[in-house]
Amino acid sequence: MIKIAIIVLTIDCRDVASIKSELVVYVSDQVAAIPTLKINEFMLSSLNDEKIDKSIVITAIKEFLESIGEGQNFAVISNNDIIMIKSISGKMIQRESKSTYGLFSCTHCGFVTSYEVELQNHMKIHYL
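Residues numbered from 1 in each chain as written. Predicted model: local features only at pLDDT ≥ 70, side-chain atom pairs only at ≥ 80, totals over all residues. Heavy atoms only, no water.

Undergrad: Talk me through the pattern of salt bridges; I want residue IDs and the actual numbers.
TA: For side chains bearing opposite charge, pairing can occur when the charged atoms are close. Enumeration over the complete set of coordinates arrives at 4 salt bridges. Of the charged contacts, one joins Asp12 and Arg14 as a salt bridge, the two residues approaching to 3.2 Å between their closest N and O atoms. Relative accessible area serves as the criterion here: at 10%, Asp12 is assigned to the buried category. We note a salt bridge from Asp81 to Lys51, for which the minimum N-O separation is 3.9 Å. One end of the pair, Asp81, is in the loop between strand E4 (74-79) and strand E5 (82-87); the other, Lys51, is in the loop between strand E3 (41-46) and helix H2 (54-67), with 30 residues separating them in the sequence. Given the relative accessible area of 34%, Asp81 is considered partly exposed. Exposure remark for Lys51: the relative accessible area of 56% places this residue in the exposed category. (Salt bridge = Lys/Arg side-chain N within 4 Å of Asp/Glu carboxyl O. Buried < 20%, exposed > 50% of the residue type's maximum accessible area, 1.4 Å probe, protein only. Helix = DSSP H or I, 4+ residues; strand = E, 2+ residues; numbered from the N terminus.)

Undergrad: Lay out the pairing of E5 with the relevant residues and their values.
TA: Only one face of E5 is covered, namely the one carrying Ile83, Ile85 and Ser87; the face carrying Ile82, Met84 and Lys86 has none of its residues buried. Direction of pairing for strand E1 (residues 7-12) relative to E5: parallel, over a ladder of 3 bridges. In the sheet register, Thr10 faces E5, and the bridge partner there is Ile82. Here 6 bridges tie E4 to E5, and the two strands are oriented antiparallel to one another. Bridge assignment links Ala75 to a residue of E5, and that residue is Lys86. (Pairing = 2+ DSSP bridges.)

Undergrad: An account of the nonpolar core is requested, with residue identities and associated values reported.
TA: Formed by 25 residues in total, the largest nonpolar core has its most connected members in Ile11, Val57 and Ile61. Of all elements in the fold, only E1, helix H1 (20-31), E3, H2, E4 and E5 reach the threshold of two or more residues within this core. If one sorts the elements of this core by residue count, H2 sits on top with 6 residues. Dropping the residues within four chain positions of it, Ile61 is found in contact with Ile11, Leu23, Val27, Val76, Ile83 and Ile85. (Core = buried A, V, L, I, M, F, W, Y, C linked by side-chain atoms within 4.5 Å. Contact = heavy atoms within 4.5 Å.)

Undergrad: Hey, could you go over H2 for me, with residue numbers and the actual values?
TA: An ideal rise of 1.5 Å per residue puts 20 Å on 14 residues; H2 measures up with 20 Å between its terminal C-alpha atoms. The complete set of buried residues in H2 reads Val57, Ile58, Ala60, Ile61, Phe64 and Leu65. One side of H2 holds all its buried residues, which, seen down the axis, span an arc of 160°. For H2, the elements touching its buried residues are E1, H1, E3, E4 and E5. Where H2 terminates, the next one or two residues include Gly69, which has phi positive at roughly 80°. (Expected span 1.5 Å × (residues − 1). Arc of directions from axis to C-beta.)

Spelled out as structure tokens, the structure:
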């Protein structure tokens, strides 16, 4: 049996929820990782034995925040395999999301659903 190591980083986006979908696209492109969206966070997965470089993820998040003029208002904090984006002043980004809010995708095959429970059930087939 071949063992596949899955390395996962979680990015907590509670304070920037309205731009989460734009952020996940930018960051996952910068680090060449597979994203999975959740309600208040997204996860980046690597399907090879290489660990995702947290410093590149943090830099990508900061670059994105700078590009929308919010770089000075948010801190990017790393704690083990969790990266948090926290508002410094308590101000949240208020934007109407242009994206597909509430879509969840399988890190193994790309299956997409609007229900987190359906995704969890789907992912079980990968471990049979």
